[in-house]
Amino acid sequence: MIERPRLFLITPRIDDAAAFVAKLEAAVGAADVACVLLRTATRDAGAVKAIVRTLAPIAQKRGAAVLVEDDARLAVRAEADGVHLAGEAALEDALGALKPDRIVGIGALADRDAAMRAGETGVDYLMFGGPDDPAAPDEVAALSAWWAEIFNVPCVAYAHGPEVAGALAMTGVEFVALCDGLWEAQDIAKAVRAADLALAQVGETAE
């Protein structure tokens, strides 16, 4: 039986936290959002921390976990809920720094072997696809279906637009991620609600 997945929102690269507040409030207030990955245009630790500390409480008050990219120690200092890693290079350090109290997720995995290695380490989720990942939509769907059928570690499938969220949900993943086509929508809340409705219909079909 396919269970209803939840939304995992990925922000664009933010350089002005104040200018993004209204967009984030609209998104997390529109539907059930499990997680928000805050991406920043800068890698300066102080600037990233300031952006995260401005935006994270907006999502956290709605019950969504907030992740930062790659820097596990910054996740702690910025009071985020965990880290999302691009690839395996920093995985061991992140697990040591954050587990068991915070989330460690991973994406940008080179192949199925890399995914299986990561899945054996104790990560909280694997992501297939992403806004910076060249994987084509059909490849993301195939990898997600393969993983969801065989493995117990939760899987996030990246949707290249809100309109394909429902199709990816049918692969059996626990989460569907959105970024492209969401944040520049004329009505962000409406786009999030539409995607969430597509996920809900998967659960209703399973019943």
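For clarity, every value in this text was computed on a predicted model and none was experimentally measured.

**Q** Go over the sheet that holds strand β4 (residues 82-86), please, and point to the residues and values.
**A** Around the barrel, which closes on itself, the eight strands sit in the order β1-β2-β3-β4-β5-β6-β7-β8 with parallel pairing between neighbours. Adjacent strand axes in the sheet meet at a mean angle of 25° when their direction is disregarded. In terms of strand pairing, strand β2 (residues 33-40) meets strand β3 (residues 65-69) through four bridges, oriented parallel. By the bridge assignment, C35 is partnered in β3 with A65. Packed onto the sheet, helix α6 (residues 137-150) meets β6 (125-128) and β7 (155-159) and runs at close to 155° relative to β6.

**Q** So what about helix α1 (residues 17-28)? Which residues, and what values?
**A** Taking 1.5 Å per residue, 12 residues should reach 16 Å; α1 reaches 16 Å between its end C-alpha atoms and fits that length. Turning to α1, its buried residues are A17, F20, L24, A27 and V28. Burial along α1 is one-sided: seen end-on, the buried residues are contained in an arc of 75°. Of the residues in α1, the exposed ones pointing more than 90 degrees away from the buried face are A18, A19 and A22. Where α1 begins, the side chain of D16 points an oxygen toward the backbone nitrogen of A18, at a separation of 3.2 Å.

**Q** Could you give an account of the side chain of T40, naming the residues involved and the relevant values?
**A** Here T40 shows up in strand β2. For T40, a relative accessible area of 6% gives the class buried. Leaving out residues up to four positions away in the same chain, T40 has contacts with R13, I14, V48, I51 and E69.

**Q** A description of the environment of W146 should follow, citing residues and the corresponding values.
**A** Along the chain, W146 falls in helix α6. For W146, a relative accessible area of 13% translates into the label buried. Remark: the alpha-carbon pair of W146 and G172, spanning 26 residues in sequence, is separated by 9.3 Å. Setting aside its immediate chain neighbours within four residues, W146 contacts R112, A115, M116, F128 and F151.

**Q** Outline the nonpolar core, supporting the account with residue identities and numerical values.
**A** It is characteristic of soluble globular proteins that their nonpolar side chains tend to be buried jointly. Of all hydrophobic cores here, the largest spans 80 residues; its most connected members are F8, V36, L55, V104, L126, F128 and W183. Once residues lying within four places of it in the same chain are set aside, the contact partners of F8 are C35, L37, L67, Y125, M127, V156, F175, V176, A177 and L178.

**Q** Outline the pairing of strand β5 (residues 103-107), listing residues and values.
**A** Along any regular strand the residues' side chains alternate between the sheet's two faces. Burial analysis of β5 places four of its five residues in the buried class, which makes it a mostly covered element. In terms of strand pairing, β4 meets β5 through five bridges, oriented parallel. Across the sheet, the residue bridging to A86 is G107, located in β5. With helix α4 (residues 91-98) bridging β4 and the parallel β5, this β-α-β connection has right-handed handedness. Sheet analysis places β5 next to β6, joined by two bridges and oriented parallel. When the bridges of β6 are listed, G105 appears paired with Y125.

**Q** If you had to explain the pattern of salt bridges to someone new, which residues and values would you point to?
**A** Considering all chains together, one arrives at 11 salt bridges under this definition. For R6, the salt bridge is made with D32, and the minimal N-O distance between the two is 2.8 Å. Linking R6 in strand β1 (residues 6-14) with D32 in the loop between α1 and β2, this pair joins segments that are 26 residues apart in sequence. Given a relative accessible area of 33%, D32 falls into the partly exposed group. Here R53 makes a salt bridge to E79, at a shortest N to O gap of 3.7 Å. Placement of R53 in helix α2 (residues 45-60) and of E79 in the loop between α3 (72-77) and β4 is noted, with a sequence separation of 26 residues between them.

**Q** Before we move on, could you go through unusual backbone geometry and cite the residues and values that matter?
**A** For the bond running from K99 to P100, omega is 5°, close enough to zero to count as cis. Structurally, the position occupied by P100 is in the loop between α4 and β5. Positive phi, normally seen in glycine, also occurs at D70, with a value near 70°. Along the polypeptide, D70 turns up in the loop between β3 and α3. With a phi close to 50°, A108 is a non-glycine residue in the positive phi region. As for its placement among the helices and strands, A108 is situated in the loop between β5 and α5 (112-119). Since its relative accessible area comes to 44%, A108 is described here as partly exposed.

About the cut-offs
- Residues numbered from 1 in each chain as written.
- Predicted model: local features only at pLDDT ≥ 70, side-chain atom pairs only at ≥ 80, totals over all residues.
- Heavy atoms only, no water.
- Pairing = 2+ DSSP bridges.
- Helix = DSSP H or I, 4+ residues; strand = E, 2+ residues; numbered from the N terminus.
- Axes fitted to C-alpha atoms, helices over the stretch in contact; angles between N-to-C directions.
- Contact = heavy atoms within 4.5 Å.
- Expected span 1.5 Å × (residues − 1).
- Buried < 20%, exposed > 50% of the residue type's maximum accessible area, 1.4 Å probe, protein only.
- Arc of directions from axis to C-beta.
- Polar contact = N/O pair within 3.5 Å; in protein donor to acceptor, adjacent residues only side chain to side chain.
- Core = buried A, V, L, I, M, F, W, Y, C linked by side-chain atoms within 4.5 Å.
- Right-handed = clockwise from strand over helix to strand, strands pointing away.
- Salt bridge = Lys/Arg side-chain N within 4 Å of Asp/Glu carboxyl O.

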